[in-house]
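Given next are the chains, with one letter for each unit.
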Amino acid sequence: MTRMWGIDPALLCRQHLLGEHNELHKLVGSIRAGHSIEGYVERGQVDTARIERRHESLVAEMEQRGYNHASPISYEDTLKQGTIDEEANLRELSDRCPRCRARIEEQHGL
Ligand SMILES: [Zn+2]
Ligand SMILES: [Zn+2]
């Protein structure tokens, strides 16, 4: 499922870090192909204005962890669509994923 978590990439487990990164590439592919992203926008899953910077910060975290990255994104946003709720995403990841929760608890002392 396409979803930009938007939270500090250091808080994402391997699966969610690589997952969000992969989804960003698919999202850009969809936009370039002219497919509608209306559903994601309506559900608060994407913020197109943040795509390029978000990709950069995910890649920086991936490199920090020693994961390979060979897929640059050069995306100039002209859509300016969507917003994401980082606080809600933090709670959702914490509820849904024990590995993310462990990272979140470690850094936030929750
Ligand atoms: Zn990439
Ligand atoms: Zn996770």
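Just above sits the structure.
Just so it is clear, the structure is predicted and the values come from calculations on it, not from any experiment.

Undergrad: Can you walk me through the coordination of the zinc ion (ligand 1) in this structure?
TA: Geometry sets the ideal angles at a metal, namely 109.5 degrees for four tetrahedral donors and 90 or 180 degrees for six octahedral donors. Within the protein, the atoms that donate to the zinc ion (ligand 1) are His21 (NE2), His25 (NE2), His55 (NE2), His69 (NE2), Ser71 (O) and Ser71 (OG), at distances of 2.0 to 2.7 Å. Coordination at the zinc ion (ligand 1) comes from six donor atoms whose angles at the metal span 64 to 162 degrees, giving a geometry best classed as irregular. We note that the donor set of the zinc ion (ligand 1) lies within a single chain, spaced as H-x3-H-x29-H-x13-H-x1-S. For Ser71, a relative accessible area of 22% translates into the label partly exposed.

Undergrad: Any chance you could explain the coordination of the zinc ion (ligand 2) here in plain terms?
TA: Coordination of the zinc ion (ligand 2) by the protein involves Cys13 (SG), His16 (ND1), Cys97 (SG) and Cys100 (SG), with metal-donor separations of 2.0 to 2.3 Å. One can describe the site at the zinc ion (ligand 2) as tetrahedral: its four donor atoms subtend angles covering 103 to 114 degrees at the metal. Between the donor residues of the zinc ion (ligand 2), the gaps in sequence give the motif C-x2-H-x80-C-x2-C. For Cys13, a relative accessible area of 3% gives the class buried. Here His16 falls in the buried class, since its relative accessible area comes to 10%.

Undergrad: What is the right way to look at the packing of helix α1 (residues 14–32) against helix α3 (residues 51–64) in this model?
TA: A packed helix pair is summarised by two numbers, namely the angle formed by the two axes and the spacing between the axes. Axis separation between α1 and α3 bottoms out at 10 Å; the angle between their running directions is 150 degrees. Between α1 and α3, the crossing angle belongs to the class labelled roughly antiparallel. Crossing angle aside, the handedness with which α1 passes α3 is left-handed. Where α1 abuts α3, its residues Leu17, Leu18, Glu20, His21, Leu24, His25, Leu27, Val28 and Ile31 lie against Ile51, Arg54, His55, Leu58, Val59, Glu61 and Met62.

Undergrad: Explanation requested: the packing of aromatic side chains in the structure shown.
TA: Remark: the centre distance and the inter-plane angle together describe each pair of aromatic rings, the angle taken between the planes. Throughout the structure, instances matching the rule amount to zero aromatic pairs. Positioned above the aromatic ring of Tyr67 is the side chain of Arg14, whose terminal nitrogen or guanidinium carbon lies 4.5 Å from the ring centre.

Undergrad: Please explain the side chain of Thr2 as it appears in this structure.
TA: Within the fold, Thr2 resides in the segment before α1. By relative accessible area, which is 8% here, Thr2 ends up buried. Reaching out from Thr2, the side chain makes a polar contact with the side chain of Glu23 at a distance of 3.3 Å.

Undergrad: Please clarify how α3 should be interpreted in this entry.
TA: Each α-helix turn comprises 3.6 residues. Residues three or four places apart therefore point the same way. Between its first and last C-alpha, α3 extends 20 Å over 14 residues, near the 20 Å set by a 1.5 Å rise per residue. Buried within α3 we find Ile51, Arg54, His55, Leu58, Val59, Glu61 and Met62. Projected down its long axis, α3 carries its buried residues within an arc of 160 degrees, all on one side. Opposite its buried face, α3 presents the exposed residues Arg53, Glu63 and Gln64, each directed more than 90 degrees away. Turning to α3, the residues buried within the fold contact α1. In the segment just after α3, Gly66 is the residue with positive phi, at about 85 degrees.

Cut-offs and rules
Residues numbered from 1 in each chain as written. Chains lettered and ligands numbered in written order. Predicted model: local features only at pLDDT ≥ 70, side-chain atom pairs only at ≥ 80, totals over all residues. Heavy atoms only, no water. Donors = N, O, S within 2.8 Å, 3.2 Å for Na, K, Ca; no water. Tetrahedral: all angles 85-135°; square planar, octahedral: opposite > 155°, others 65-115°. Buried < 20%, exposed > 50% of the residue type's maximum accessible area, 1.4 Å probe, protein only. Axes fitted to C-alpha atoms, helices over the stretch in contact; angles between N-to-C directions. Helix = DSSP H or I, 4+ residues; strand = E, 2+ residues; numbered from the N terminus. Parallel < 35°, antiparallel > 145°, perpendicular 65-115°, else oblique. Left-handed = near helix turned anticlockwise from the far one by under 90°. Contact = heavy atoms within 4.5 Å. Phe/Tyr/Trp six-rings, centres within 6.5 Å; stacked < 30°, edge-to-face > 60°. Lys NZ or Arg CZ within 6 Å of the ring centre and 35° of its normal. Polar contact = N/O pair within 3.5 Å; in protein donor to acceptor, adjacent residues only side chain to side chain. Expected span 1.5 Å × (residues − 1). Arc of directions from axis to C-beta.

As far as function goes, none of this settles anything; it's purely spatial.
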